[in-house]
Amino acid sequence: MKKTIFCTALLLLLITAFSCKKKEEDTTKPTLSGLVLNSDHTTFMGMGVTVHVTPDVTNLVSSDKKTFPETIGIYFVLNGTSDRDTTTTNVDVSNPTYEITLDKPGNYVLYCYAFGGDKFYNASATLNFTVVDPVSALTGLPDLPVVQIAGNSFLTVELEGKTWMANNLYGTNSGTYFQNSEILASVFGQYYTWTEAQTACPAGWHLPSAEDFDKCLGDVAGDAMVDAKFVEKVMWPYWPQVPITNKKQFCAIPVGYRDFTLEKTPEDGYQSYACFWTSDDNEEDLGEFRYIYQKENAIQAGHGDKHTLALSVRCVRD
């Protein structure tokens with residue numbers, strides 16, 4: 001009897017060990033990596049622009065460094081939908097070009113997968129981009145009077161007897177664009193150094209002084225901030241200490257700033273800061289600006305280098 005029990009227990013142990021080993025083998029298959037996407041896309045594009053994406057599998061490797069699939073397949077998934085499925089039989093030519101033209105504004109995520117069959121985990125790579133209609137990209141702005149200047153449209157607001165632009169200056173020869181995307185010029189405005197800002201305003205308009213800002217805007221940040229959305233995403237993140245009323249109808253949006261001394265992404269402070277040059281400088285020869293920080297309900301003063309710091313510009317009619 002004892003011998004029978006022992007044999008049964010041993011058999012169960014062997015079955016369990018075999019099952020565990022099989023499960024371990026199934027879950028430890030090697031992973032492919034090193035997939036690269038070559039593309040002519042930019043982060044922001046206008047409607048109707050065609051995107052070309054070419055997968056590069058020449059540097060694919062297997063995590064176990066021992067085995068490699070005999071064939072490689074490529075497929076794409078756009079915003080959760082398998083948009084194209086291309087299976088190849090030769091790793092050296094496994095690079096079909098993906099082409100898509102989008103006429104609908106919005107945010108898009110394109111995934112690309114390289115697969116080597118059931119014995120390998122897929123390699124993957126991702127592209128993110130936004131299709132923009134400049135006319136409708138920014139929503140939540142009030143219905144304000146519009147002026148046309150050299151073919152460009154600007155909202156205007158009357159503050160303390162002065163006519164101000166209620167959106168950031170754009171359409172000039174100087175200045176740079178958000179994410180280097182000209183398609184967003186009319187949406188976010190352009191960034192200007194203090195030196196550029198002194199002559200950026202069009203004829204009949206001028207750069208406001210620090211006194212103009214302080215007198216016309218006061219010191220309550222929420223009164224100058226607009227609760228706008230960019231492609232359906234809130235621009236000013238919610239902060240309980242800063243009620244956004246846009247009482248002044250200045251329509252400040254947090255496009256941040258550019259610091260040309262930094263070697264990283266072109267903008268800092270997106271969704272956190274709205275910064276505007278004044279015509280003033282100080283004794284240290286720094287340009288003076290006014291700024292809004294999303295977590296503080298106050299319009300604050302700052303100083304920055306005239307040549308390496310680039311901010312937004314608002315103009316006042318002469």
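Residues numbered from 1 in each chain as written. Predicted model: local features only at pLDDT ≥ 70, side-chain atom pairs only at ≥ 80, totals over all residues. Heavy atoms only, no water.

### Considering the overall build of the protein chain
Let me state the cut-off plainly: Counting from the N terminus, the helices are the DSSP runs of H or I reaching at least four residues and the strands are the DSSP runs of E reaching at least two. The Shrake-Rupley method, run with a 1.4 Å probe, gives the accessible areas here. Residue values count only the displayed protein chains as cover.
Check the secondary structure of the protein chain and you find 4 helices and 24 strands. Counting only carbon and sulfur atoms, one obtains 52% of the accessible surface of the protein chain, whose full area is about 17000 Å².

### Observations concerning the state of the cysteines
In plain terms, the rule: By convention in this document, the label disulfide applies to cysteine sulfur atom pairs within 2.5 Å.
The final tally for this structure, using the stated rule, is 1 disulfide. With its sulfur 2.1 Å from that of its partner, C201 forms a disulfide with C315. Because the torsion about its S-S bond is -90°, the bridge between C201 and C315 counts as left-handed. With C201 in the loop between α3 (194-197) and β16 (205-206) and C315 in the loop between β23 (309-311) and β24 (316-317), this residue pair connects regions lying 114 residues apart in the sequence.

### Description of the pairing of strand β22 (residues 299-304)
Which entries qualify depends on this criterion: When DSSP finds two or more bridges between two strands, those strands count as paired.
Bridge analysis of strand β21 (residues 287-293) against β22 gives 6 bridges, and the strand direction is antiparallel. Note on β22: the bridge partner recorded for I292 is I299. Here β21 hands over to β22 after 5 residues, the two strands then running antiparallel side by side.

### Remarks on the packing of aromatic side chains
For any pair of aromatic rings, the description rests on two quantities: the centre-to-centre distance and the angle between the ring planes. Rules: Whether two aromatic rings pair depends on their centres lying within 6.5 Å, for rings of Phe, Tyr and Trp, where Trp uses its six-membered ring; planes under 30 degrees apart make the pair stacked, over 60 edge-to-face, and the rest tilted. Type-normalised accessible area, obtained with a 1.4 Å probe on protein chains alone, sets the label of each residue: buried when under 20%, exposed when over 50%, and partly exposed for intermediate values. Charge-over-ring placement is defined geometrically: NZ (Lys) or CZ (Arg) within 6 Å of the ring centre, and within 35 degrees of the ring normal.
The final tally for this structure, using the stated rule, is 22 aromatic pairs. When the ring of Y273 is compared with that of Y291, the centres are 6.1 Å apart and the planes differ by 45°; the resulting orientation is tilted. Here Y273, found in strand β20 (residues 273-281), pairs with Y291, found in strand β21; they are 18 residues apart in sequence, far enough to count as distant. For Y273, a relative accessible area of 25% translates into the label partly exposed. Members of the aromatic cluster, joined through ring pairs, are Y257, Y273, W277, F289, Y291 and Y293. Positioned above the aromatic ring of Y121 is the side chain of K29, whose terminal nitrogen or guanidinium carbon lies 4.7 Å from the ring centre. Residue placement shows R314 over the ring face of F250; its charged tip is 4.2 Å from the ring centre.

### Quick word on the nonpolar core
Worth spelling out the cut-off: Buried residues of nine kinds, namely Ala, Val, Leu, Ile, Met, Phe, Trp, Tyr and Cys, make up a nonpolar core once their side-chain atoms join them within 4.5 Å. The contact definition used throughout considers only heavy atoms, calling two residues in contact when any of these lie within 4.5 Å.
Grouped together as the largest cluster of nonpolar side chains are 39 residues, with contacts concentrated most on W164, L184, F188, F230, F250, I253 and I292. Those elements that provide at least two residues to this core are β13 (152-159), α2 (185-188), α4 (210-217) and β20. If we ignore the near neighbours within four places in the chain, the residues touching F250 are L159, W164, A166, F213, L217, A224, F276 and R314.

### Some thoughts on the sheet that holds strand β17 (residues 229-230)
Pairing is antiparallel in the open sheet, where 3 strands are placed in the order β11-β17-β18. The strands lining the two open edges of the sheet, one partner per strand, are β11 (138-139) and β18 (233-234).

### Some remarks on α4
Residue pairs spaced three or four apart in an α-helix point in one direction, given the helix's 3.6 residues per turn. What counts is decided by this rule: Starting at the helix axis, one direction is taken to each C-beta atom, and the arc is that of these directions.
Within α4, burial applies to A210, D212, F213, C216 and L217. Considered in projection along α4, the buried side chains sweep an arc of 160° and stay on one side of the axis. Opposite the buried face of α4, at more than 90 degrees from it, the exposed residues are E211 and K215. Along its buried surface, α4 packs onto β13, β14 (162-165), β16, β20, β21 and β22. Where α4 terminates, the next one or two residues include G218, which has phi positive at roughly 75°.

### Comments concerning the pairing of strand β4 (residues 50-56)
Remark: a regular strand shows side chains that alternate across the two faces of the sheet. Across the two faces of β4 the burial differs, with V51, V53 and P55 buried and T50, H52, T54 and D56 not buried at all. In terms of strand pairing, strand β2 (residues 36-39) meets β4 through 4 bridges, oriented antiparallel. Its bridge partner being in β4, L37 is matched across the sheet by P55. Taken together, the 4 bridges between β4 and strand β8 (residues 98-101) define a ladder with antiparallel strand orientation. Considered in β8, the bridge of V53 is made with Y98.

### Side note on the pattern of salt bridges
We apply this condition: Whenever Lys or Arg places a side-chain nitrogen within 4 Å of a carboxyl oxygen from Asp or Glu, that contact is recorded as a salt bridge.
Applying the stated criterion to the full structure yields 4 salt bridges. Of the charged contacts in the structure, one is a salt bridge between D281 and K306, with a shortest N-O distance of 2.8 Å. Of the two residues, D281 is situated in strand β20 and K306 in the loop between β22 and β23; the sequence distance between them amounts to 25 residues. On the basis of relative accessible area, D281 is assigned to the partly exposed category, the value being 38%. The partner of D285 in a salt bridge is K306, with the nearest N and O atoms 2.6 Å apart. Pair noted here: D285 is in the loop between β20 and β21 and K306 is in the loop between β22 and β23, with a separation of 21 residues, a long-range link. Owing to a relative accessible area of 47%, D285 belongs among the partly exposed residues under this scheme. Accessibility expressed as a relative area gives 8% for K306, which makes it buried. In this structure, a network of salt bridges that share partners links the residues D214, E288 and R290.

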